[in-house]
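# Survey of secondary and tertiary structure
If you want the building blocks of each chain, they are given just below.
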Amino acid sequence: MPEKNWKDRLELLEGRIEKACDMSEIQNLLNRYLFYLENGDVKKIVSCFALEEADVSLELGRGKYEGKEEILAFYNQRVEIGRMPGAMVEHGMSAPCIVCAKDRKTARVTMLSPGFKCLPQGDSQAWDMGRYYAELIFTESGWKLWHLQWIVAVEADVCYGWLAQNRSYLKECDYPLLDEACRLEELVKPSDNYVDYYKPDERNRFLPEPPEEYDSWDGYLVRKDTRGY
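Residues numbered from 1 in each chain as written. Predicted model: local features only at pLDDT ≥ 70, side-chain atom pairs only at ≥ 80, totals over all residues. Heavy atoms only, no water.

For the rest of this paragraph, the subject is the layout of surface pockets. Estimated volume of the second largest pocket: approximately 280 Å³. Lining the second largest pocket are 17 residues, and of these Val195, Asp196, Tyr197, Arg205 and Phe206 sit closest to its centre. No other element matches the three residues that strand β8 (residues 142-157) contributes to the lining of the second largest pocket. (1 Å grid on protein atoms, 1.4 Å probe; cavity = no way out; pocket = protein on both sides within 12 Å on 5 of 7 lines; lining within 4 Å. Points joined across faces, edges and corners; volume = space filled by probe spheres on them. Helix = DSSP H or I, 4+ residues; strand = E, 2+ residues; numbered from the N terminus.)

Structural data, given as structure tokens:
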């Protein structure tokens, strides 16, 4: 076989190996984040983020936490709740769609996340299901979360289901510590990309969609909708 063809094949193979390694590292990072979240390990949770980036961000519900200090403050406060007796928050990882930019500087991920949560002190046990949208950046220490957004679809008391009740946090906020947490969320920057809950009486547009191939980062695309209906 001519030398040029061997070189082309080698370059193609190297590219595929690099892409497979990137995707494996990203999926492992996301899984680690979810395990650390369940265990309330703040140090390891924040180690998943590119905290050296000025615009590193976390979006939950209607609030946006931007920068190292705001993200640290959020996890420190929420983990205090998560360590209470009987408390549990579990987010699963399902159907991850991972796309790395061709310039290998960033990546986009969407994934389904079925889960549940429980806080005995607030008399709350709920299904907690939704989607994650993540944008990652390649750093000196590998891939890190750059922008992360948790988008709730269902947050329903297990005794009623989401057709009857889909705002379990309203019940939780009767508990003082959680009420304080909810009030603090009102003080942070509003989310630019809020995606609402499941509504049983409307046509739902479940976002985000799986990311498409791209050359280089061209904006935050959690609300991109290509379905045309």
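The residue after Leu207, namely Pro208, is reached through a cis peptide bond having omega 5°. Checked against the element boundaries, Pro208 lands in the segment after β9 (189-190). Unusually for a residue other than glycine, Ala95 sits at a positive phi of about 50°. Among the secondary structure elements, Ala95 is positioned in strand β4 (residues 94-100).

By size, the foremost hydrophobic cluster in this structure holds 35 residues, and its most contacted members are Tyr33, Phe49, Tyr75 and Leu145. Of all the elements, helix α1 (residues 3-39) adds the most residues to this core, at six residues. Discounting chain neighbours no more than four positions away, the residues touching Phe49 are Tyr33, Val56, Ser57, Leu58, Ile71, Tyr75, Lys144, Leu145 and Leu148. With five residues, the next largest nonpolar core counts Tyr133, Val195, Leu207 and Val222 among its residues. (Core = buried A, V, L, I, M, F, W, Y, C linked by side-chain atoms within 4.5 Å. Buried < 20%, exposed > 50% of the residue type's maximum accessible area, 1.4 Å probe, protein only. Contact = heavy atoms within 4.5 Å.)

A surface patch of nonpolar side chains, about 390 Å² in accessible area, is lined by Trp127, Val158, Trp162 and Leu163. Checked against the element boundaries, Val158 lands in the loop between β8 and α4 (168-172). (Patch = residues over 30% accessible without salt bridge, like charges linked within 9 Å, V, L, I, M, F, W, Y side chains within 5 Å. Areas by Shrake-Rupley, 256 points an atom, 1.4 Å probe, with all protein chains shown as cover. Salt bridge = Lys/Arg side-chain N within 4 Å of Asp/Glu carboxyl O.)

The next point concerns the pattern of salt bridges. Using the criterion set out here, one finds eight salt bridges in the structure. Notably, a salt bridge pairs Arg108 with Glu135, separated by 3.4 Å at the nearest N-O pair. Of this pair, Arg108 sits in strand β5 (residues 106-113) while Glu135 sits in strand β7 (residues 124-139); the two residues are 27 residues apart in sequence, bridging distant segments of the chain. Taken individually, Arg108 and Glu135 each receive the classification buried, so the pair is uniform in this respect.

Our next topic: the pairing of β4. Every regular strand shows the same layout, with side chains that alternate between the two sheet faces. Where β4 lies against β5, five bridges are found, and the strand directions are antiparallel. Note on β5: the bridge partner recorded for Ser94 is Leu112. Here β4 hands over to β5 after five residues, with Arg104 in that stretch at a positive phi of 60°. (Pairing = 2+ DSSP bridges.)

Within the element layout of this structure, Gly92 appears in the loop between β3 (88-91) and β4. Along the backbone, Gly92 and Gly130 are 38 residues apart, and their C-alpha atoms lie at a distance of 9.7 Å. Residue contacts for Gly92: discarding those within four places in its chain leaves Leu34, Leu112, Ser113 and Pro114.

Right, let's talk about the packing of aromatic side chains for a bit. Under the counting rule described, the total for this entry stands at ten aromatic pairs. Consider the rings of Tyr33 and Tyr132, whose centres lie 6.4 Å apart with planes at 85°: the pair is edge-to-face. With Tyr33 in helix α1 and Tyr132 in strand β7, this residue pair connects regions lying 99 residues apart in the sequence. Residue Tyr33 is classed as buried on the basis of its relative accessible area, which comes to 5%. (Phe/Tyr/Trp six-rings, centres within 6.5 Å; stacked < 30°, edge-to-face > 60°.)

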